[in-house]
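Summary of structural features
If you want the building blocks of each chain, they are given just below.
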Amino acid sequence: MRRITTAVAVTLLGFVVVTCAAACGADEVRRPLAQTLSPEDAEPVSHEVPQESGVYVINLYGAEEGQPARRPANLVASEFSTLKGITWRSWGPERAVGGGRLSGTWCLPGCQTRPYDATITLSKARKVGERRYFTKFDITGDFPRPDSPKDTLSGTLPLPFSTP
(Lines give C-alpha, C1' and ligand atoms only; values in the text may rest on other atoms or scores of the structure.)
Protein backbone atom coordinates (compact mmCIF):
# COMPACT_ATOMS: atom_id res chain seq x y z
CA MET A 1 0.00 0.00 0.00
CA ARG A 2 2.88 2.32 0.84
CA ARG A 3 4.42 1.80 -2.62
CA ILE A 4 1.14 2.71 -4.30
CA THR A 5 0.82 5.89 -2.21
CA THR A 6 4.40 6.89 -3.02
CA ALA A 7 3.88 6.17 -6.72
CA VAL A 8 0.72 8.29 -6.79
CA ALA A 9 2.46 11.16 -4.97
CA VAL A 10 5.44 11.07 -7.40
CA THR A 11 3.09 10.97 -10.40
CA LEU A 12 1.10 13.96 -9.12
CA LEU A 13 4.28 15.91 -8.42
CA GLY A 14 5.52 15.20 -11.95
CA PHE A 15 2.19 16.33 -13.38
CA VAL A 16 2.39 19.63 -11.44
CA VAL A 17 5.95 20.28 -12.66
CA VAL A 18 5.05 19.52 -16.29
CA THR A 19 1.92 21.67 -16.10
CA CYS A 20 3.84 24.57 -14.60
CA ALA A 21 6.62 24.19 -17.19
CA ALA A 22 4.08 24.33 -20.00
CA ALA A 23 2.25 27.33 -18.53
CA CYS A 24 5.25 29.31 -17.26
CA GLY A 25 8.02 28.31 -19.64
CA ALA A 26 10.89 26.00 -18.75
CA ASP A 27 13.10 28.86 -17.49
CA GLU A 28 10.56 29.73 -14.76
CA VAL A 29 10.59 26.17 -13.40
CA ARG A 30 14.39 26.01 -13.11
CA ARG A 31 14.69 29.38 -11.32
CA PRO A 32 15.10 29.13 -7.51
CA LEU A 33 11.93 29.80 -5.53
CA ALA A 34 13.43 32.87 -3.84
CA GLN A 35 13.82 34.53 -7.24
CA THR A 36 10.24 33.88 -8.36
CA LEU A 37 8.49 35.20 -5.23
CA SER A 38 8.20 38.87 -4.42
CA PRO A 39 8.04 40.09 -0.78
CA GLU A 40 4.28 40.58 -1.19
CA ASP A 41 3.89 36.90 -2.10
CA ALA A 42 5.55 35.89 1.17
CA GLU A 43 2.85 37.62 3.27
CA PRO A 44 0.22 35.34 4.82
CA VAL A 45 -2.97 35.10 2.80
CA SER A 46 -6.34 35.42 4.52
CA HIS A 47 -8.98 32.97 3.36
CA GLU A 48 -11.79 34.70 5.23
CA VAL A 49 -14.81 35.87 3.28
CA PRO A 50 -14.83 39.68 3.46
CA GLN A 51 -17.69 41.12 5.47
CA GLU A 52 -19.90 43.74 3.86
CA SER A 53 -20.06 45.73 7.05
CA GLY A 54 -18.25 45.93 10.33
CA VAL A 55 -21.54 46.17 12.26
CA TYR A 56 -22.21 43.56 14.93
CA VAL A 57 -25.18 42.37 16.96
CA ILE A 58 -24.91 41.15 20.54
CA ASN A 59 -26.20 37.59 20.42
CA LEU A 60 -27.42 35.81 23.54
CA TYR A 61 -27.92 32.50 21.70
CA GLY A 62 -25.71 30.02 23.53
CA ALA A 63 -24.00 32.82 25.47
CA GLU A 64 -25.80 34.14 28.54
CA GLU A 65 -23.59 37.23 28.69
CA GLY A 66 -23.92 37.75 24.94
CA GLN A 67 -21.22 37.86 22.32
CA PRO A 68 -20.60 40.09 19.29
CA ALA A 69 -21.64 38.40 16.06
CA ARG A 70 -22.03 39.18 12.37
CA ARG A 71 -24.60 37.26 10.35
CA PRO A 72 -25.40 34.76 13.13
CA ALA A 73 -27.26 31.61 12.09
CA ASN A 74 -29.28 31.72 15.32
CA LEU A 75 -30.24 34.88 17.20
CA VAL A 76 -31.99 35.62 20.47
CA ALA A 77 -33.83 38.85 19.61
CA SER A 78 -35.50 39.21 23.01
CA GLU A 79 -36.23 37.16 26.09
CA PHE A 80 -39.42 36.06 24.31
CA SER A 81 -38.28 35.46 20.69
CA THR A 82 -35.52 33.44 19.02
CA LEU A 83 -34.80 32.91 15.32
CA LYS A 84 -32.91 29.85 14.08
CA GLY A 85 -31.49 28.97 10.69
CA ILE A 86 -31.26 32.60 9.60
CA THR A 87 -30.26 33.32 6.03
CA TRP A 88 -29.14 36.94 5.79
CA ARG A 89 -30.22 38.69 2.60
CA SER A 90 -28.30 41.84 3.48
CA TRP A 91 -25.92 43.03 6.19
CA GLY A 92 -25.07 46.68 5.73
CA PRO A 93 -23.91 49.58 7.86
CA GLU A 94 -27.46 50.84 8.51
CA ARG A 95 -29.61 47.72 8.31
CA ALA A 96 -29.53 43.92 8.16
CA VAL A 97 -32.37 41.73 6.88
CA GLY A 98 -32.67 37.96 7.18
CA GLY A 99 -35.20 35.16 7.25
CA GLY A 100 -35.40 32.28 9.70
CA ARG A 101 -37.61 30.13 11.91
CA LEU A 102 -39.21 32.01 14.82
CA SER A 103 -40.15 30.53 18.18
CA GLY A 104 -40.56 31.95 21.64
CA THR A 105 -42.30 31.76 24.95
CA TRP A 106 -45.28 33.72 23.59
CA CYS A 107 -46.23 31.00 21.11
CA LEU A 108 -45.68 27.84 23.17
CA PRO A 109 -46.31 24.99 22.86
CA GLY A 110 -47.03 25.05 19.09
CA CYS A 111 -44.03 26.98 17.80
CA GLN A 112 -41.55 24.92 19.76
CA THR A 113 -42.03 21.97 17.41
CA ARG A 114 -43.22 23.99 14.40
CA PRO A 115 -41.51 27.41 14.36
CA TYR A 116 -42.92 30.17 12.14
CA ASP A 117 -41.21 31.52 9.03
CA ALA A 118 -40.22 35.09 9.86
CA THR A 119 -38.16 38.02 8.64
CA ILE A 120 -35.96 39.96 11.04
CA THR A 121 -34.66 43.46 10.40
CA LEU A 122 -31.85 44.89 12.51
CA SER A 123 -31.30 48.65 12.47
CA LYS A 124 -30.06 51.79 14.24
CA ALA A 125 -26.37 50.97 14.55
CA ARG A 126 -24.54 52.70 17.38
CA LYS A 127 -20.83 52.85 18.13
CA VAL A 128 -19.71 51.31 21.40
CA GLY A 129 -15.95 51.33 21.89
CA GLU A 130 -14.30 50.50 18.58
CA ARG A 131 -17.28 48.67 17.07
CA ARG A 132 -20.76 49.48 15.83
CA TYR A 133 -23.74 47.42 17.00
CA PHE A 134 -27.34 47.19 15.83
CA THR A 135 -29.66 48.42 18.58
CA LYS A 136 -33.18 47.72 17.20
CA PHE A 137 -34.97 44.66 15.82
CA ASP A 138 -38.30 44.10 14.09
CA ILE A 139 -39.75 40.66 13.30
CA THR A 140 -42.46 40.22 10.68
CA GLY A 141 -44.20 37.27 9.07
CA ASP A 142 -47.46 35.45 8.51
CA PHE A 143 -48.11 34.05 12.00
CA PRO A 144 -50.43 34.79 14.93
CA ARG A 145 -49.39 37.86 16.88
CA PRO A 146 -48.56 37.61 20.58
CA ASP A 147 -50.89 39.24 23.12
CA SER A 148 -48.16 41.73 23.99
CA PRO A 149 -45.95 42.40 20.92
CA LYS A 150 -43.82 44.96 22.77
CA ASP A 151 -40.31 43.51 23.29
CA THR A 152 -41.46 40.32 21.57
CA LEU A 153 -41.50 41.11 17.85
CA SER A 154 -39.84 44.53 17.96
CA GLY A 155 -37.65 46.21 20.46
CA THR A 156 -34.19 47.07 21.65
CA LEU A 157 -31.19 44.79 21.23
CA PRO A 158 -28.60 44.51 24.00
CA LEU A 159 -25.29 46.34 23.74
CA PRO A 160 -21.96 45.15 25.12
CA PHE A 161 -21.31 45.95 28.74
CA SER A 162 -19.14 49.01 29.13
CA THR A 163 -16.25 49.03 31.54
CA PRO A 164 -15.53 52.08 33.73
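Because the structure is a prediction, the values reported are computed rather than measured.

**Description of the overall build of the protein**
Looking only at helices and strands, the protein has five helices and eight strands in total. Counted from the first residue to the last, the protein has its helices and strands arranged as α-α-α-α-β-β-β-β-β-α-β-β-β. Every one of the 164 residues in the protein was classed for burial, and the buried ones make up 28%. Within the protein, contacts between residues separated by at least 24 positions form 38% of all contacts whose residues are at least 6 apart in sequence.

**Some thoughts on the nonpolar core**
In this structure, Trp91, Leu102, Ile120, Leu122 and Ile139 are the most contacted members of the largest nonpolar core, which totals 23 residues. Sorting the residues of this core by element identifies strand 1 (55–59), strand 4 (81–91), strand 5 (95–104), strand 6 (116–128) and strand 7 (131–140) as the ones contributing at least two each. Ranked by residues supplied to this core, first place goes to strand 4 with four residues. Beyond its immediate stretch of four places on either side in the chain, isoleucine 139 contacts Ala77, Ser81, Leu83, Leu102, Ala118, Thr119, Ile120, Thr152 and Leu153.

**Some points on the pairing of strand 1**
For strand 1, the buried fraction is high: five of the five residues fall into the buried class. Sheet topology note: the strand 1/strand 2 (residues 67–69) ladder contains three bridges and is antiparallel. Its bridge partner lying in strand 2, isoleucine 58 is registered against proline 68.

**Some thoughts on the environment of valine 97**
Inspection of the secondary structure puts valine 97 in strand 5. Judged by its relative accessible area of 11%, valine 97 falls in the buried class. Spatially, the C-alpha atom of valine 97 lies 4.5 Å from that of threonine 121, the residues being 24 residues apart in sequence. Excluding its chain neighbours within four sequence positions, the residues that come into contact with valine 97 are Trp88, Arg89, Ser90, Thr119, Ile120 and Thr121.

**As for the state of the cysteines**
Using the criterion set out here, one finds one disulfide in the structure. A disulfide bridge connects cysteine 107 with cysteine 111, and the sulfur atoms are separated by 1.7 Å. Around the S-S axis, the bridge from cysteine 107 to cysteine 111 shows a dihedral of about 80° and counts as right-handed. Pair check on accessibility: cysteine 107 and cysteine 111 agree, each one buried.

Reading guide: rules and limits
Residues numbered from 1 in each chain as written. Predicted model: local features only at pLDDT ≥ 70, side-chain atom pairs only at ≥ 80, totals over all residues. Heavy atoms only, no water. Helix = DSSP H or I, 4+ residues; strand = E, 2+ residues; numbered from the N terminus. Buried < 20%, exposed > 50% of the residue type's maximum accessible area, 1.4 Å probe, protein only. Contact = heavy atoms within 4.5 Å. Core = buried A, V, L, I, M, F, W, Y, C linked by side-chain atoms within 4.5 Å. Pairing = 2+ DSSP bridges. Disulfide = S-S within 2.5 Å.

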